[in-house]
Amino acid sequence: MMCAMAAVMEGPLADLAAWRPTECSIAKALELVGTRSAILIMREAYYGTTRFDGFAARVGITDAAAAAQLRKLTAAGLLAKEPYREEGQRTRHEYVLTPMGRDLLPVVLALMQWGDRYLQDGPAPLLLVEEATGEAVRVEVRSESGAEVGLEGLGVRLNEEFVRKRR
């Protein structure tokens, strides 16, 4: 039998029936990268893909779908378009990660780690390692002091700065 554990909802959040998760950052993030093609385009950017044709081919989507997702991810600031020109060719654009796009890396790696653990039939197809040492890399939830925090140890409270700005 599974034991039901949850985050500790603090203050006015403790009564789940009394509030709605408006302005939810998870919902906003999913609006941007919550499709299969969007998250796989980001995966490819982390792997070093920069050219339009590479994204479409490696993700396995149509040119139209790739164009729409690249436009959306660029407009949102996760990728930036930079011009390049091969000798004798016209100027084209490649897509490079921005700081915002780089900051999404732990999310993508966490999805990979979860998929490796629960969805693969056998060993993980790829290993995440620190390039310099070969040591395994894992995504974990930790406090600023470095302590690992499990679900039952996670507190969720209203951000007073957010509340003040909303008034």
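Right above here is the structure, for reference.
What counts, and at which threshold
- Residues numbered from 1 in each chain as written.
- Predicted model: local features only at pLDDT ≥ 70, side-chain atom pairs only at ≥ 80, totals over all residues.
- Heavy atoms only, no water.
- Core = buried A, V, L, I, M, F, W, Y, C linked by side-chain atoms within 4.5 Å.
- Buried < 20%, exposed > 50% of the residue type's maximum accessible area, 1.4 Å probe, protein only.
- Helix = DSSP H or I, 4+ residues; strand = E, 2+ residues; numbered from the N terminus.
- Contact = heavy atoms within 4.5 Å.
- Axes fitted to C-alpha atoms, helices over the stretch in contact; angles between N-to-C directions.
- Parallel < 35°, antiparallel > 145°, perpendicular 65-115°, else oblique.
- Nonpolar A, V, L, I, M, F, W, Y, C, P; charged D, E, K, R; others polar.
- Phe/Tyr/Trp six-rings, centres within 6.5 Å; stacked < 30°, edge-to-face > 60°.

Val 33, Ile 41, Leu 73 and Leu 79 are the most contacted members of the largest nonpolar core, which has 19 residues in total. Per element, the largest residue contribution to this core is 5 residues, and it comes from helix H2 (residues 36-47). Not counting residues within four places of it along the chain, the set of residues in contact with Val 33 comprises Ala 38, Ile 39, Leu 73, Leu 78 and Leu 104.

Where helix H1 (residues 25-33) contacts helix H4 (residues 63-76), the axes come no closer than 9 Å and their chain directions differ by 135°. Classed by the angle they form, the pair H1 and H4 counts as oblique. Contacts from Glu 31, Leu 32 and Val 33 in H1 reach Lys 72, Leu 73 and Ala 76 in H4. Classifying every residue of the contact of H1 with H4 gives 4 nonpolar, no polar and 2 charged.

What follows is about the packing of H2 against helix H6 (residues 105-118). Here H2 crosses H6 at 105°, and the two axes come no closer than 11 Å. If you check the angle between H2 and H6, you find them roughly perpendicular. Contacts between H2 and H6 involve Ile 39, Tyr 46 and Tyr 47 from the former and Leu 105, Val 108, Leu 111 and Met 112 from the latter. Its residues assigned to classes, the contact of H2 with H6 shows 7 nonpolar, no polar and no charged.

Turning next to the packing of aromatic side chains. Per the stated rule, a full pass over the model turns up 2 aromatic pairs. Ring centres of Phe 55 and Tyr 95 lie 6.2 Å apart, and the angle between their planes is 80°; on these two criteria the pair is classed as edge-to-face. Of this pair, Phe 55 sits in helix H3 (residues 52-59) while Tyr 95 sits in strand E3 (residues 92-97); the two residues are 40 residues apart in sequence, bridging distant segments of the chain. Aromatic pair Trp 114 and Tyr 118: ring centres 5.9 Å apart, planes at 45°, arrangement tilted. Here the residue Trp 114 and the residue Tyr 118 both occupy positions in helix H6, the gap between them amounting to 4 residues, near one helical turn. Exposure remark for Trp 114: the relative accessible area of 48% places this residue in the partly exposed category.

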